[in-house]
Every structure is written in C-alpha cells, then in structure tokens.
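# Geometric and topological summary
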Amino acid sequence: MSAIETSINIINAMGKPCPMPLLMLKRSLKNSNTKHFLLKSSDPHSLQDISRYCQIHHIHCEVLKIAENEFHYKIDV
C-alpha cells in the first residue's frame, strides 16, 4: 500500500458550530485523495448531522464520544 492509501485526513472542527463540521467534511471528501478521515467536533448537533449524512451516502462512520463536548468520527469511504 502507498502512503496515500494508508493516510488519514484529520478534520479539526472543534469550536465550530453546525453546520460547519458537516461542510468541512464534505469539502474534505471532495478534495482529498485519502479514503480515511477523522473528524473532530465539539458541537453535539454534529452527531446527528454527520451520522445522517454518512448513512444517506453509504459511508462507514464510527462515532466516538471522547468527552461531554468532544466527538470523533472515524469515516471510511
């Protein structure tokens, strides 16, 4: 495997209100060559937005609640 295939694109949306985490994810999905993403968000509304977006587009998403206001989304396309 090449470095591009194994790399993870980290999207830091901490401190950004919705819909910014979702918009940042969409932009990264469109502009990145990687297939693995880690989105970090502090907005609790992102839980519904990101999960629903991934479900609609058949994208694998694993949600990790790190703290009360910190959520990590492991996304594989």
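Look up: the structure comes first, before these words.
All of these numbers come straight from a predicted model, not from anything done at the bench.

So, about helix α2 (residues 20-31). Taking 1.5 Å per residue, 12 residues should reach 16 Å; α2 reaches 16 Å between its end C-alpha atoms and fits that length. For α2, the full list of buried residues reads Pro21, Leu22, Met24, Leu25 and Ser28. Down the axis of α2, the sector holding all buried residues measures 160°, keeping them to one side. In α2, the exposed residues that point more than 90 degrees away from the buried face are Lys30 and Asn31. Elements that come into contact with the buried residues of α2 comprise β1 (8-13), β2 (36-41), α3 (46-56) and β4 (70-76).

Let us now look at the pattern of salt bridges. Inspection of every chain in the model, using the stated rule, returns two salt bridges. As a salt-bridge pair, Glu62 and Lys74 come within 4.0 Å of each other at their nearest N and O atoms. With Glu62 in strand β3 (residues 60-67) and Lys74 in strand β4, this residue pair connects regions lying 12 residues apart in the sequence. When the shortest N-O distance is used, the salt bridge between Lys65 and Glu68 registers 4.0 Å. For Lys65, a relative accessible area of 53% puts it in the exposed group. Glu68 gets classed as exposed once you look at its relative accessible area, which sits at 60%.

Counting residues in each nonpolar core, the largest one holds 14 residues, and the members touching the most others are Ile11, Leu25, Leu39, Ile50, Tyr73 and Ile75. Looking at this core, the elements with two or more residues in it are β1, α2, β2, α3 and β4. Discounting chain neighbours no more than four positions away, the residues touching Ile75 are Leu25, Lys35, His36, Phe37, Leu39, Ile50, Cys54, Ile59, His60 and Cys61.

Time to look at unusual backbone geometry. In the segment running from Cys18 into Pro19, the intervening peptide bond is cis, with an omega of 15°. Tracing the chain through its elements places Pro19 in the loop between β1 and α2. Unusually for a residue other than glycine, His58 sits at a positive phi of about 55°. Within the element layout of this structure, His58 appears in the loop between α3 and β3.

Calculation notes
Residues numbered from 1 in each chain as written. Predicted model: local features only at pLDDT ≥ 70, side-chain atom pairs only at ≥ 80, totals over all residues. Heavy atoms only, no water. Helix = DSSP H or I, 4+ residues; strand = E, 2+ residues; numbered from the N terminus. Expected span 1.5 Å × (residues − 1). Buried < 20%, exposed > 50% of the residue type's maximum accessible area, 1.4 Å probe, protein only. Arc of directions from axis to C-beta. Contact = heavy atoms within 4.5 Å. Salt bridge = Lys/Arg side-chain N within 4 Å of Asp/Glu carboxyl O. Core = buried A, V, L, I, M, F, W, Y, C linked by side-chain atoms within 4.5 Å.

From the geometry alone we can't say anything about function, so treat these as descriptive.
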